[in-house]
Amino acid sequence: MAVNTSPESPLPVGEVSRLIGGWIDRLGAIWVEGQITQLSRRPGAGVVFLTLRDPSYDISVSVTCYRQVFDAVSDVVSEGARVVVLARPEWYAPRGQLSLRATEIKPVGVGELLARLEMLKKSLAAEGLFAPERKRALPFLPQLVGLVCGRASAAERDVLENARHRWPAVRFEVRNVPVQGVHAVPQVVQAVKELDALDDVDVIIVARGGGSVEDLLPFSDEQLVRAVAACRTPVVSAIGHEPDNPLLDLVADLRASTPTDAAKKVVPDVGEEYERVRMLRDRARRCVEAYVEREERGLAHALARPSIEDPHRMIDERADHVASLLDRARRCLGHHLDRAASELTHTHARVVALSPAATLKRGYAVLQREDGHVVRDPGEVAAAEVLRARVAEGEFSVRVDAGSDA
């Protein structure tokens, strides 16, 4: 319930603490899962104190229980173990502290952990975080490699030594973090985000040696998986050994079976690359030599052809033929011109003989009226009409006699 307060009527601290205790008491007994980070079993004390922490977030809560409750699981539960606790929240009013009073503690078994991981795996796969199309290719020669690993660990030594043996010029940006325990997840996530934010880092390797299922649980944490999926820099997972398969392997852009394998897959071997360059250079030289030899043979074959050895011979052979054709063409053209000239002379003679001018030269005349119409019938003219008479040497006017016979 909301409490009405004001500057004029505030609640005393004791009353506030009492109200908080009342609200917390309403929660009742609940089952809580977490990882034990601190365990205090004082000799002779009837109460055991421990701290229960959420491995995915930086949140913890104090837990107390009677000694006989903890003794029931003391053989299988220690610091770092995951447990499920049946507890009732308690509010210690004098100090304003919240704690849990446990009445039952159950260790989380490996089978149960694996079942939960399988459910988480299916859920993340349904979101597409493990899809192959999300995988990014690693750069051929990274200039700066980000490395997340344990401090002074074998994984760090394997990655650094193998990478520098393969390519001495490679540089590393190392982030040493806990790789197991309650602090592993948030610090690994923070290290990955820091390296991803650096523009010079070309690829990130998350490495850890082998271990039990419980030891590798931080690398199957949902928070870490989502952080890696959000990276813009390619991430290589090198967790454990070949049989180990945390969820980080599925979301990473490349999975390496071991930290040594990660170094081999991320950094090329300078000796192998030199040998590859030498082989490619030899292959290129052989290809060029073969090409030159093939072209030389082709050129020699072309130069051996008669048309290349004596290019004028073909012209000389064709010159007589061209001259013969030219002479024949001239003769044919002369015959055609002579025949055409003869035909033209005969045609001209016929035209001259049949032309009106020739008729006029024989003494005939052509009579035309004033409008130019040729008189063909005496009935076409009238008496005293003036006509124009056209003869061979010119024309003159005539008048129709009135007494003429029509």
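Residues numbered from 1 in each chain as written. Predicted model: local features only at pLDDT ≥ 70, side-chain atom pairs only at ≥ 80, totals over all residues. Heavy atoms only, no water.

Student: For the nonpolar core, give the residues involved together with the corresponding values.
Tutor: For soluble globular proteins, nonpolar side chains are generally found buried alongside one another. Membership of the largest hydrophobic core comes to 30 residues, with the highest contact counts inside it found for Val148, Val206 and Val251. Among the secondary structure elements, those contributing two or more residues to this core are α3 (110-126), β6 (144-149), α5 (184-197), β8 (203-208), α6 (222-229), β9 (235-239) and α7 (247-251). The element best represented in this core is α5, accounting for six residues. Counting residues in each nonpolar core, the second largest holds 19 residues, with Val203, Val236, Ala256 and Val267 among its members. (Core = buried A, V, L, I, M, F, W, Y, C linked by side-chain atoms within 4.5 Å. Buried < 20%, exposed > 50% of the residue type's maximum accessible area, 1.4 Å probe, protein only. Helix = DSSP H or I, 4+ residues; strand = E, 2+ residues; numbered from the N terminus.)

Student: Quick one: what's the story with the environment of Ala262, residue by residue and with numbers?
Tutor: The topology assignment puts Ala262 in helix α8 (residues 259-266). Take Ala262: its relative accessible area is 0%, and that puts it in the buried class. Expressed as a C-alpha distance, the spacing of Ala262 and Leu387, which sit 125 residues apart in the sequence, is 129 Å. Once residues lying within four places of it in the same chain are set aside, the contact partners of Ala262 are Ile205, Val236, Ala238 and Ala256. (Contact = heavy atoms within 4.5 Å.)

Student: Any chance you could break down the pattern of salt bridges for me, citing the residues and the numbers?
Tutor: Enumeration over the complete set of coordinates arrives at 20 salt bridges. A salt bridge links Asp327 to Arg331; the nearest nitrogen and oxygen atoms lie 2.0 Å apart. Here Asp327 and its partner Arg331 are both found in helix α11 (residues 311-354), four residues apart, which amounts to about one turn of the helix. For Arg331, a relative accessible area of 44% corresponds to the partly exposed category. (Salt bridge = Lys/Arg side-chain N within 4 Å of Asp/Glu carboxyl O.)

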